[in-house]
Amino acid sequence: MYCRKCGKEIDDEAVVCPHCGVLTVRNGSPRFYGQPVQSVQYNNAPVQQPAQQPVQTIVPYDDGLKSVNGLGIAGFVVGLVSLALGIFFCIPAVVGLIISIFAVINRKKYRACNGLATAGVVISAVALAGWFSFFARLFICLILFY
């Protein structure tokens, strides 16, 4: 095997190049993570010590966004509940619609679950429309027949 930095031949089982101290690569990835090491002699026995060159650390990408839109999830769940209970109560539909609207307004602050916020708005609006439709027909029937 040859060193990827200095090009000199090294042992196939070497973890670092004994000539330049760079990590060897096996199957496309370094053997271990840490500082490159260099080989030195101590009492005629090779000892590996950390190299003096700085190690570049990888900083995870931070875009400043929160990971999950919790209001979007809550609005979606309350919207689903309002579909089941919308005929009897309009409160879950109104609450689901309000929560989902706030989640849609704040969706640029979150990385995930923004589609659930939009779905919560749609589901809650459908449940609210169903509630109004049901009670409007009920009210009309009461007026016409009594």
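Because the structure is a prediction, the values reported are computed rather than measured.

1. Points about the overall build of the protein
Consideration 1: Each helix and strand in the protein was counted, giving 3 helices and 6 strands.
Consideration 2: In sequence order, the protein lays out its α and β elements as β-β-β-β-β-α-α-β-α.
Consideration 3: When each of the 146 residues of the protein is scored for burial, the buried share is 23%.
Consideration 4: Contacts in the protein between residues at least 24 apart in sequence constitute 42% of all its contacts with a sequence separation of at least 6.

2. Some details on the packing of aromatic side chains
Consideration 1: Scanning all chains against the criterion turns up 3 aromatic pairs.
Consideration 2: Here the aromatic rings of tryptophan 131 and phenylalanine 132 are separated by 5.0 Å at their centres, their planes lie at 75 degrees, and the arrangement is edge-to-face.
Consideration 3: We classify phenylalanine 132 as partly exposed; its relative accessible area is 49%.
Consideration 4: Between the aromatic rings of tryptophan 131 and phenylalanine 135, the centroid separation amounts to 4.9 Å while the plane-to-plane angle is 50 degrees, which identifies the pairing as tilted.

3. A closer look at helix H2 (residues 91-105)
Consideration 1: Taking 1.5 Å of rise per residue, 15 residues should cover 21 Å, and H2 covers 21 Å from first to last C-alpha, within 8% of that figure.
Consideration 2: Among all positions in H2, only Pro92, Ala93, Gly96, Leu97, Ser100 and Ala103 are buried. Looking straight down H2, one finds that the buried residues subtend no more than 130 degrees of arc, so they occupy a single side. H2 presents Ile91 and Ile105 as exposed residues on the side facing more than 90 degrees away from its buried surface.
Consideration 3: Packing partners of the buried residues in H2 comprise helix H1 (70-85) and helix H3 (114-145).

4. A word on the packing of H1 against H2
Consideration 1: Between H1 and H2, whose axes approach to 8 Å, the crossing angle comes to 160 degrees. Here H1 lies roughly antiparallel to H2, going by the angle between them. The element H1 and its partner H2 pack so that their crossing is left-handed. Only Pro92, Ala93, Val95, Gly96, Ile99, Ser100, Phe102 and Ala103 of H2 make contact with H1, whose side of the interface consists of Leu71, Gly72, Ala74, Gly75, Phe76, Val78, Gly79, Ser82 and Leu85.
Consideration 2: Tallied by class, the residues present in the contact of H1 with H2 amount to 11 nonpolar, 6 polar and no charged.

5. What about the nonpolar core?
Consideration 1: Counting residues in hydrophobic clusters, the biggest one holds 5 residues: Cys3, Ile10, Ala14, Cys17 and Val22.
Consideration 2: Once you skip the residues sitting within four places of it in the chain, cysteine 3 turns out to touch Lys8, Ile10, Cys17, Cys20 and Val22.

6. As for the environment of valine 68
Consideration 1: Within the element layout of this structure, valine 68 appears in strand S5 (residues 66-68).
Consideration 2: With relative accessibility at 40%, the residue valine 68 sits in the partly exposed group.
Consideration 3: Counting along the chain gives 39 residues from valine 68 to arginine 107, while the straight-line C-alpha distance between them is 9.7 Å.
Consideration 4: Apart from the residues lying within four places of it in its own chain, the contact partners of valine 68 are Ile73, Tyr110, Ala112 and Cys113.

7. Here's the deal with the side chain of serine 100
Consideration 1: Here serine 100 is to be found in helix H2.
Consideration 2: Exposure remark for serine 100: the relative accessible area of 0% places this residue in the buried category.
Consideration 3: Within the structure, the side chain of serine 100 is placed 2.8 Å from the backbone oxygen of glycine 96, a separation counted as a polar contact.
Consideration 4: When residues no more than four places from it in sequence are discounted, the contact partners of serine 100 are Gly75, Phe76, Ala117, Gly120 and Val121.

Rules used in this analysis
- Within any chain, residue numbers begin from 1 and follow the written order of that chain's sequence.
- Whole-chain, interface and lining totals are the exception, using all residues; otherwise, since this is a predicted model, local features are given only for residues with pLDDT of at least 70 and side-chain atom pairs are given and counted only at 80 or more.
- As a rule here, side-chain values cover all heavy atoms of the structure and leave hydrogens and water aside.
- Runs of E in the DSSP output that reach at least two residues are strands. Runs of H or I that reach at least four are helices, and both are numbered from the N terminus.
- Note on exposure labels: buried denotes an accessible area under 20% of the residue type's maximum, exposed denotes more than 50%, and partly exposed covers the range between, all computed with a 1.4 Å probe on protein chains only.
- The contact definition used throughout considers only heavy atoms, calling two residues in contact when any of these lie within 4.5 Å.
- The aromatic pairing rule takes the rings of Phe, Tyr and Trp, using the six-membered ring of Trp, and pairs them if the centres are within 6.5 Å, calling planes under 30 degrees apart stacked, those over 60 edge-to-face and the rest tilted.
- Expected helix span is taken as 1.5 Å per residue step, with the number of steps being one fewer than the number of residues.
- Throughout, the arc means that of the directions going from the helix axis to the C-beta atoms.
- Fitted lines through C-alpha atoms serve as axes, helices being fitted only where they are in contact, and the angles separating the N-to-C directions of these axes extend from 0 to 180 degrees.
- With respect to orientation, any angle under 35 degrees is reported as roughly parallel, any angle over 145 as roughly antiparallel, any angle of 65 to 115 as roughly perpendicular, and every other angle as oblique.
- Handedness of a crossing is defined here by the sense of rotation of the near helix relative to the far one, left-handed for an anticlockwise turn of less than a right angle and right-handed for a clockwise turn.
- Classes in brief: Ala, Val, Leu, Ile, Met, Phe, Trp, Tyr, Cys and Pro nonpolar; Asp, Glu, Lys and Arg charged; the others, Gly included, polar.
- The definition of a nonpolar core used throughout is a set of buried Ala, Val, Leu, Ile, Met, Phe, Trp, Tyr and Cys residues joined through side-chain atoms within 4.5 Å.
- Definition of a polar contact: a pair of N or O atoms within 3.5 Å, with one able to donate and the other able to accept a hydrogen when the atoms are protein atoms, and with sequence-neighbouring residues admitted only if both atoms are side-chain atoms.

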